[in-house]
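The chain contents come next:
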Amino acid sequence: MKKVDVALASAYAFFCAAFMLLMPMNKYEWMLDEPSAKSEGLTFCGLPLDDDISARFFSFAFLIPLLVLAAIQSIRKKTAHYSLWMAVALLAVWGWRFFIHYPLC
């Protein structure tokens, strides 16, 4: 049963990471694919400002079940569980993606 739990937690963590990294941070990212924008040298930092922070909250909402599961398993075992390390790593990726990488522009 332990291997099944680890496999499910790993699959869910992979899904969360893929969702986080593939989700657009700016609703104007479609402009980067236009040929005229490419010829003008438009980059991600040159896009119009997008004050919508729903991508940040949607991706965090998918992390909550993993965080809760990891906390419960760690409390039950009284040591840091494998899923807790995955949840912390995903939380670090989430923070980098939405609070460090995006505002660097």
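Everything here concerns the structure above.
Values in this document were obtained by computation on a predicted structure and should not be read as measured data.

Participant: Could you clarify how one ought to interpret the overall build of the protein in this entry?
Facilitator: Of the regular secondary structure elements, the protein holds 4 helices and 0 strands. If you list the helices and strands of the protein from N to C, you get α-α-α-α. Here the protein holds 105 residues, and 26% of them are scored as buried. Within the protein, contacts between residues at least 6 apart in sequence are counted, and of these 65% link residues at least 24 apart. On the protein, roughly 7,200 Å² of surface is accessible, and the fraction owed to carbon and sulfur atoms is 72%.

Participant: Help me out: how do you make sense of a nonpolar patch on the surface in this one?
Facilitator: A surface patch of nonpolar side chains, about 410 Å² in accessible area, is lined by Leu21, Trp96, Phe99 and Ile100. Looking at the nonpolar patch, the element that brings in the most residues is helix H4 (residues 82-101), giving 3 residues. By the secondary structure assignment, tryptophan 96 is in helix H4. The partly exposed category is assigned to tryptophan 96, whose relative accessible area is 42%.

Participant: What's the story with the layout of surface pockets in this structure? I'm lost.
Facilitator: It is the rolling of a water-molecule-sized probe over the atoms that shows where space remains empty. Of the volumes computed, that of the largest pocket is approximately 160 Å³. Residue lining of the largest pocket: Lys2, Asp5, Val6, Leu69, Ile72, Gln73, Arg76, Lys77 and His81, and that is the complete set. A total of 5 residues in the lining of the largest pocket trace back to one element, the largest contributor, which is helix H3 (residues 54-77).

Participant: Explanation requested: the packing of helix H1 (residues 2-22) against H3 in the structure shown.
Facilitator: Packed helices, taken two at a time, are described by the angle their axes make and the gap between the axes. Contact geometry of H1 with H3 gives a least axis separation of 9 Å together with a crossing angle of 155°. When the interaxial angle is binned, H1 and H3 end up roughly antiparallel. In the packing of H1 onto H3, the handedness of the crossing is left-handed. Along the contact surface, H1 presents Asp5, Ala9, Tyr12, Ala13, Phe15, Cys16, Phe19 and Met20, while H3 presents Phe58, Ser59, Phe62, Leu63, Pro65, Leu66 and Gln73. For the contact of H1 with H3, the per-class residue count stands at 12 nonpolar, 2 polar and 1 charged.

Reading the values: the criteria
Here, residues in each chain are numbered from 1, in the same order as that chain's written sequence. Local features in a predicted model are, by the rule used here, given only for residues with pLDDT of at least 70; side-chain atom pairs are given and counted only at 80 or more, and totals for whole chains, interfaces and linings are based on all residues. Side-chain measures were taken over the full set of non-hydrogen atoms in the model, leaving aside hydrogen atoms and water. Think of it this way: any DSSP run of H or I at least four residues long counts as a helix, any run of E at least two long counts as a strand, and we number them from the N terminus. Note on exposure labels: buried denotes an accessible area under 20% of the residue type's maximum, exposed denotes more than 50%, and partly exposed covers the range between, all computed with a 1.4 Å probe on protein chains only. Here, two residues are considered to be in contact whenever any of their heavy atoms come within 4.5 Å of each other. For the area figures, the Shrake-Rupley method with a 1.4 Å probe applies, and any residue is considered shielded solely by the protein chains shown. Like charges are joined within 9 Å and nonpolar side chains (Val, Leu, Ile, Met, Phe, Trp, Tyr) within 5 Å, but only among residues with over 30% relative accessible area and no salt bridge; these make up the patches. By definition, a salt bridge exists where a carboxyl oxygen of Asp or Glu is found within 4 Å of a side-chain nitrogen of Lys or Arg. The way it works is a 1 Å grid over only the protein atoms, where trapped points that fit a 1.4 Å probe form a cavity and open points with protein on both sides within 12 Å along at least five of seven lines form a pocket, and then any residue with an atom within 4 Å of a point lines it. Grid points are joined across faces, edges and corners, and a volume is the space filled by probe spheres set on the points. Axis definition: a line fitted to C-alpha atoms, limited for helices to the stretch in contact. Angles are taken between N-to-C directions and run from 0 to 180 degrees. Should an angle lie under 35 degrees it is considered roughly parallel, over 145 roughly antiparallel, and from 65 to 115 roughly perpendicular; all remaining angles are considered oblique. Put simply, a crossing is left-handed when the front helix is turned counterclockwise from the back one by less than a right angle, and right-handed when it is turned clockwise. Each residue gets one label: Ala, Val, Leu, Ile, Met, Phe, Trp, Tyr, Cys and Pro are nonpolar, Asp, Glu, Lys and Arg are charged, and the others, such as Gly, are polar.

Remember, this is a structural readout, not a statement about activity or role.
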